[in-house]
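Structural description and commentary
Next come the chains, spelled out residue by residue.
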Amino acid sequence: MSETNNAKRNFFPIILFSICVVLFLFFQVHQIVIQEIISSKTPIWWLMVLLAFSYFADNLRLKHKGMYITTIFLPLLTLMLWTGPYTACFFTAFLSLFRLNQVKLPFFAGANRYLFRFSVHFLMFFVPIIVFQVSIPFFLQLALYIVLAEITNVLLINIVTPVIEPGKKKISKEVLSLFLIETALQLMVIPYLSLMKALITYEFSYAKAFFYMIPLVHLLYYGMIRFHAGYTAGLEEHRKLDRMRVGLENMLGIVRTIRTTDDRVSILKNALTLFAQTMGYEKAIISLINFEESKINRIASYGIDDADFKAISRMNALRPFYDIAFQDRLLFGETYFIPEEADPFSGAESPIYVFPGQKIWIKKKNLPLWKPKDLFIVPFFNEKQEVIGYVSLDNPISGERPTIEDAQLAKIFSDQISRIVEASNEYQIVLEKSKRDMMTGLYNHSTFFDILQEKIREADFKHPLSLILFDIDDFKKYNDAYGHQAGDKVIIRVAEIMKQSVPYNAYLSRYGGEEFALLLPETGKLAAIRQGDLILSRISSEVIHEKPITLSAGVATAPEDGFQPSTIVSSADNSLYRAKRTGKNRIIAS
């Protein structure tokens, strides 16, 4: 899939340029340009002045909500007045190839960028030329030309390109607002351009003097956009700070309420939701790192459906992900940003390539757009400054890559996350102790029923749930003969052997006194009997005070023996009772 996308991305500019070449040759644009220049009788020096103005305007790069504003329109229209539409279209597209301050790229990528830029400019200004063939007033021709050129631009940049290159800015409210701003500003100068056209047509001696107002208008236009951009950025920063303040207050509220809840996942999910919404990201995952087991435990997600989250959670190997993602070269403030261009996960052995523009985008205010494979990682630490987990953020609402200020704010939130994790860990220990039997460390009676109720809801005939109830044979006699302390030793030893004998997904509980309960998810009755026989065999080989220890056991399976917890427990208890009556040291199924 990645190779297919790369192929599309590489050939798209070539296809666009090929279309431009076909149009250029089919309509004999080169001959028309020569005819326009000759018939207009425009002096070479004046043509150079107009082209210099166009080049200057094209290098005044302005942004509106993360998107570049087309600043070449007014010079193009001015050039059109003195020469003609085809000349203006060709030279404007040609001058875009020489734009200043371009990021250096590898040869093929750089060539593709130049081809794409030329093609978009050429098509944008060539397609609407047809309006000048329609017999309508000149000011209407200009208005239609401006609107059609803007529509062509949106079609190429925001509709066609995102299909070829996922991650590029699609049609949105921001795109439409830019469309309206650009179109409105060009339409406002149509009366003045119409006046200039009349003066040029009637060969008014001082027509060129009227041209000098155009650069002043353009500078005014530039200043207005810069002012608006600054004002908008200020408002956005103010809103962002408000979101941060509210988010941090809510996060602190979560920290304060940790000990009033017993669900760590819910705590962290709420914290993650606040984090992602405040930072302005549509998707996020919070993960804890277990270095001992070399695993990543995904705890909670935001903006990701359950099926996708489960699929991601299964990819839980710590390495090589940790070694690749947490490299010093990818440090961004106190966070880590992995750009798509780096492509670090293409292979564990591959050296990481940090794209040449990385240092530029860190420093620039106008950031490039977020790409589909970008990853923003915010680590959090314990009191010893050891990494205990991280939050991964994806799909920023703004569509832009993070700034260094974003990284600093994210670090503030991650500090609160680490407090929540550590505090919830401490509470989890207390909570876990409350679920355990003090003597054996197994789940206690009430926890057993909680687990049974949860697991029986998941059980069906394809995924059965089996319950085995165990009881130590003649335990009362043993207690009476050797004392309660010796009886406690027997219970502890039986629990130890059972813990060593059950599968990893089983739930072992001390049901009460000398009774034990074993829940076996995804296990049918025959498999449960084999598991019970194994435990009985291992227990019977244990001798304490020269007396062998034996167990009796009863098995029941859901949904075969019932759908309710009480029914399953009653069925297993009846089987246990029969095992006791028929000689003990055996297992019987219902």
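First, a word on scope: everything that follows refers to the structure included in this document.

Parameters and conventions
Residue numbers here run from 1 along each chain, matching the order of that chain's written sequence. Restriction of local features to residues with pLDDT of at least 70 applies here, the model being predicted, together with a cutoff of 80 or more for giving and counting side-chain atom pairs; totals for whole chains, interfaces and linings are based on all residues. Side-chain metrics in this entry use all non-hydrogen atoms of the structure; hydrogen atoms and water are not considered. Between any two strands, pairing holds if DSSP finds at least two bridges. For the purposes of this entry, the term helix denotes a DSSP run of H or I that reaches at least four residues, the term strand denotes a run of E that reaches at least two, and both are numbered from the N terminus. To get an axis, a line is fitted to the C-alpha atoms, and for a helix only the part in contact is used. The angle between two axes follows their N-to-C directions and goes from 0 to 180 degrees. The criterion used for residue contact is that any of the two residues' heavy atoms lie within 4.5 Å. Should an angle fall under 35 degrees it is called roughly parallel, over 145 degrees roughly antiparallel, and 65 to 115 degrees roughly perpendicular, with every other angle called oblique. For any pair of crossing helices, the crossing counts as left-handed if the nearer helix is rotated counterclockwise from the farther one by less than a right angle, and right-handed if it is rotated clockwise. As a working rule, the residues Ala, Val, Leu, Ile, Met, Phe, Trp, Tyr, Cys and Pro are called nonpolar, Asp, Glu, Lys and Arg charged, and the rest polar, with Gly in that last group. Per-residue accessibility, obtained with a 1.4 Å probe over protein chains only, is compared with the maximum for each type, and a residue is labelled buried under 20%, exposed over 50%, and partly exposed between these values. Positive: Lys, Arg. Negative: Asp, Glu. His and the chain ends are not part of the count. Salt bridge, as used here: a side-chain nitrogen of Lys or Arg that lies within 4 Å of a carboxyl oxygen of Asp or Glu. Throughout this description, a polar contact denotes any pair of N or O atoms lying within 3.5 Å of each other; where both atoms belong to protein, one of them has to be capable of donating a hydrogen while the other can accept it, and for residues adjacent in sequence the pair is counted only when both atoms sit in side chains.

1. Describing the sheet that holds strand S10 (residues 507-512)
Reading across the sheet, the five strands line up as S10-S11-S9-S14-S15 and stay open at both edges, with mixed pairing between neighbours. Looking at strand neighbours, the two that pair on one side only are S10 and strand S15 (587-589), the edges of this open sheet. Strand-to-strand twist in this sheet, taken as the mean axis angle between neighbours without regard to direction, amounts to 20°. For strand S14 (residues 551-558) and S15, the ladder comprises three bridges, and the chain directions are parallel. Bridging from a neighbouring strand, Val555 pairs with Ala589 of S15. Packing against the sheet, helix H21 (residues 565-581) makes contact with strand S9 (465-472), S10, strand S11 (515-521), S14 and S15, and its axis sits at approximately 150° to S14.

2. Remarks on the packing of helix H4 (residues 73-82) against helix H5 (residues 85-95)
One can describe the packing of H4 onto H5 by two numbers: an axis separation of 7 Å at closest approach and a directional angle of 140°. When the axis of H4 is compared with that of H5, the two are oblique. Like other packed secondary-structure pairs, H4 and H5 cross with a definite hand, here right-handed. Of the residues in H5, those touching H4 at Leu76, Leu79 and Met80 are Pro85, Thr87, Ala88, Cys89, Phe91 and Thr92. In the contact of H4 with H5, the residues fall into seven nonpolar, two polar and no charged.

3. Observations concerning the side chain of Arg298
Here Arg298 shows up in strand S4 (residues 295-302). Buried charged residue Arg298 carries no salt bridge. Nearest counter-charge: Asp394, at 12 Å. Within the structure, the side chain of Arg298 is placed 2.5 Å from the backbone oxygen of Met315, a separation counted as a polar contact. Apart from the residues within four sequence positions on either side, Arg298 is in contact with Ile285, Ile286, Ser287, Phe309, Ile312, Ser313, Met315, Asn316 and Tyr390.

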